Amino acid sequence: MAALRILVIGGGGREHALAWKLAHSPLVDHIFVCPGNGGTALEPKTTNVNLSPSDFPALVAFAIENKVSLVLPGPEQPLVDGVETHFRKVGIPVFGPTALAARMEGSKAFSKAFMGRHQIPTAKFKVFASTEFDQAVQYVRTCGFNVVLKASGLAAGKGVLLPDTVDEAIAGLKEIMVDNVFGAAGQEVVVEELLTGPEVSVLAFSDGYTVTALPAAQDHKRIGEGDTGPNTGGMGAYAPAPVATPDILDRITKEVLQPTISGMRKEGYPFVGMLFTGLMLTQDGPKVLEYNVRFGDPETEALVLLLDPETDLASILLACAEHRLDSVEVKTRPGYGVSVVVASQGYPGSYAKGKEITVGQMPTDVVAFHAGTSTVDGKVVTSGGRVLVVSAFAPTLQGALDAAYAGVANVEFEGKVFRRDIAHRALSTTPVTGLTYAQAGVSVDAGNALVEAIKPYVRATRRAGADAEIGGFGGVFDLKATGYTDPVLVSGTDGVGTKLRVAMDVGLHDFVGIDLVAMSVNDLLVQGAEPLYFLDYFACSKLDVAVATRVVKGIADGCVQAGCALIGGETAEMPSMYHDGKLLSKFDPCDYDLAGFAVGAVERSLILPQPTIAPGDILLGLPSSGLHSNGFSLVRKIVARTGLSYTDPCPWDAEQTLGRALLTPTRIYVAGVLPAAQAGLLKGMSHITGGGFVENVPRVLPRGTGCFIDASTWELPPVFRFLMQHGGVEPREMARTFNNGLGMVLVVAPECAAGAIEALQRAGEKVVYRIGEVTAQSGVEMRNLSAWS
């Protein structure tokens, strides 16, 4: 065989890895890389070519002049644009598909239709032209499953949206089909079923007949550890992925790879090159997410190290191009390959370029492949977002990771960033033997430690009827000790809603316990009841004792404010039920959920609301501390729209962060209001929670009556003005969603109004607003809402 002269098209880490491996081949005389980078220029037998990778006529002329005998396109765009045809016309073979075959990556609509024709397992789907927005919306509303939205064309790896709700899906369709955020790539949209399970990438050589797969890999698309933050071109990969067992790989070959290659040949566009298939390993078996028609990046950087030293990559590429792949052996060595991307600060957004790079001595079996680098005045400097890819091989996965990160430590440039958790999926699923309850994810010791940590806080809630000791099977309360003559028990249960999500995102867990107590005891108060005792429920996948202690301390603080005893609770550690926080930062250790249950008592004659409520009765309003615990789903949407983060200064109070301001705990009104209720001065009360005034005040009024509320009688607090302004929320919607500065509304007889106000102020309610009256017209009339504008 004549010595090979190979033209590699591209200039990233993938192309450097391919050039590096090809340079080891005794069959290769020289490698040209167009345009190449600062690393390819340093490889033996390798020269960078200063031509545009999209100027096919110039590339062909160069290839003829330099006696190129094989062309290897790296990225997908040249293949989709038909680079193979240009070289085939002059007799130079290409390792890569024709433009017709490249449609498997260039058009998701085409590839999904192909899979349907050949019964290749994939998600349910439907394709819509950009002019069919209404039809796509109807499909999303009625399809019966969560969806993924994909721009059909090439969108630089960013054309996929994962909406959580139908409304988000409709907004995503608008972005793609109406707003054209992905340009021409969105001329068609694939709406498909959301699949769940581990995701793997399988790269397979093919000559149009035979298909030979390499070990399955898993990559890491997100910029942040724990798979957080925006998508990138890939921040690292490892292979083989343990989740892709030999049985699964056999199914992938038989059910996906071979049917794909056979189907393409039968339809008249045989596939030659590297078929890169993304798959989801569902409970029903492997299903195709997408096809790519080239080497993956950064998978290639890990996989080239897995090829056996005796395996000649050049001979494999040429055999594929000449339709004789079965004549060569594709052999990998036992062990693991890992690649870690070292990126520029700011990637995948804007980032600085021109930072000088220093690459020290790499450990054995570690290679630093250049990606976004160039040579300026003899120095290698950064020129892209993904700067280098440090790859390593070792007999074990942990050994390969340790070697790769040792290599990363020897790379220096200003603004260097990288993920420290490559292969976390494999490491988190390492098999164990002799399982214990703790290995199943439940720590009895942690639960016991929590009980001991919270006992002092619980004891602080002691009151008549309860000693507030915990640790037994049930809580005990002596009702007789409270001194009631003819008591009626009142109970209430509640949670904190999505305010919890803000607390977890901010990492501030001290106040949600107060919220939990407030939501329940305020509901008892509106019946005229004194809160007597409280029980809590704390659920998580992995118990973080420090976090749970802070939450329970907040619950105890709330109980002290309400005058009730914390007599018991349940801590439920349930592995895999919630995000367990293994890969989150120390500021966001775990997800959890809360619920609370309160019981109170009221003398039978003082139960509220009284049946004597009538038109003409006065409505009094008591100030809230802020948002309290309702409406946070809308609040989070509005904050996301502003682009602010919870760590930014609060727009209406620069002395604290936005997150801290939003987490201001709910007011507990017991101490200030219960004396007036027990004195018989109140006819009724309404706790303003979800539903605002419009939904909550009518709950206390007799059938056939209503009320008016004058919005000009108190000042709308700044937090609500912020939400109105930045969310475009109409005043009427504000009145039916938020408390708008009043957390409790009281109903009093006109002749008792002065006495009620005096009693409230004497008990600590410094500010009491007269906000409206009961009327004979049902419903809530909101007057003077223009005062909020």
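Just so it is clear, the model here is predicted, and its values are computed rather than measured.

1. Thoughts on the side chain of Ser 520
And step 1. Mapped onto the elements, Ser 520 comes out in helix H16 (residues 512-525).
And step 2. A relative accessible area of 0% means that Ser 520 is categorised as buried.
And step 3. Excluding residues within four positions of it along the chain, Ser 520 makes contact with Gly 492, Thr 493, Asp 494, Phe 534, Gly 596 and Ala 598.

2. Notes on the side chain of Lys 150
And step 1. If you trace the backbone, Lys 150 turns up in strand S6 (residues 147-151).
And step 2. Among the polar contacts listed, one links the side chain of Lys 150 to the backbone oxygen of Leu 289, at a separation of 2.8 Å.
And step 3. With residues near it in sequence (within four places) discarded, Lys 150 still touches Lys 108, Gly 159, Val 160, Glu 188, Val 189, Val 190, Glu 192 and Leu 289.

3. Re the environment of Ala 735
And step 1. Positionally, Ala 735 belongs in helix H23 (residues 731-735).
And step 2. Between the C-alpha atoms of Ala 735 and Ala 446, which are 289 residues apart in sequence, the distance is 44 Å.
And step 3. The residues contacting Ala 735, other than those within four sequence positions of it, are Gly 691, Gly 692, Phe 693, Val 694, Asn 740, Met 782 and Trp 788.

4. A short note on empty space enclosed by the protein
And step 1. Using the criterion set out here, one finds two cavities of 30 Å³ or more in the structure.
And step 2. Taken as a whole, the largest cavity holds about 50 Å³ of empty space.
And step 3. Every residue along the wall of the largest cavity is listed here: Phe 205, Leu 214, Phe 295, Thr 300, Leu 303, Val 304, Leu 307 and Leu 313.
And step 4. Put simply, the second largest cavity is a space of about 40 Å³.

5. Some details on the packing of aromatic side chains
And step 1. Applying the stated criterion across every chain, the model contains 16 aromatic pairs.
And step 2. When the ring of Phe 110 is compared with that of Tyr 269, the centres are 5.8 Å apart and the planes differ by 55 degrees; the resulting orientation is tilted. With a gap of 159 residues between them, Phe 110 in helix H6 (residues 108-117) and Tyr 269 in the loop between helix H9 (246-266) and strand S15 (272-282) connect regions that are remote in the sequence. Like Phe 110, the residue Tyr 269 is buried in the burial classification.
And step 3. Every member of this aromatic cluster is reached through a ring pair, and the members are Phe 95, Phe 205 and Phe 295.
And step 4. Stacked on the ring of Phe 393, the Lys or Arg Arg 333 has its end atom at 3.5 Å from the ring centre.
And step 5. Taking NZ or CZ as reference, Arg 783 lies 3.7 Å from the ring centre of Phe 708, over its face.

What counts and what doesn't
Every chain is numbered on its own, with residues counted from 1 as its sequence reads. Totals for whole chains, interfaces and linings use all residues, but because this is a predicted model, local features are given only for residues with pLDDT of at least 70 and pairs of side-chain atoms are given and counted only at 80 or more. For the side-chain quantities, the full set of heavy atoms in the structure was used; hydrogens and water were omitted. Counting from the N terminus, the helices are the DSSP runs of H or I reaching at least four residues and the strands are the DSSP runs of E reaching at least two. Three labels apply to residues, based on accessible area from a 1.4 Å probe with only protein chains included: buried if under 20% of the type maximum, exposed if over 50%, partly exposed otherwise in between. Should any heavy atoms of two residues lie within 4.5 Å, those residues are considered in contact. The definition of a polar contact used here is a pair of N or O atoms within 3.5 Å, where within protein one atom must be able to donate a hydrogen and the other to accept one, and adjacent residues in sequence count solely through side-chain atom pairs. Points on a 1 Å grid over protein atoms alone make up a cavity when a 1.4 Å probe fits among them but cannot get out, and a pocket when they form an open set with protein on both sides within 12 Å along at least five of seven lines; lining residues each have an atom within 4 Å of a point. Grid points are joined across faces, edges and corners, and a volume is the space filled by probe spheres set on the points. Here a pair means two rings of Phe, Tyr or Trp (six-membered ring of Trp) with centres within 6.5 Å. Their orientation is stacked below 30 degrees between planes, edge-to-face above 60, and tilted elsewhere. We call a charge positioned above a ring when the Lys NZ or Arg CZ atom is no farther than 6 Å from the ring centre and deviates by at most 35 degrees from the ring normal.

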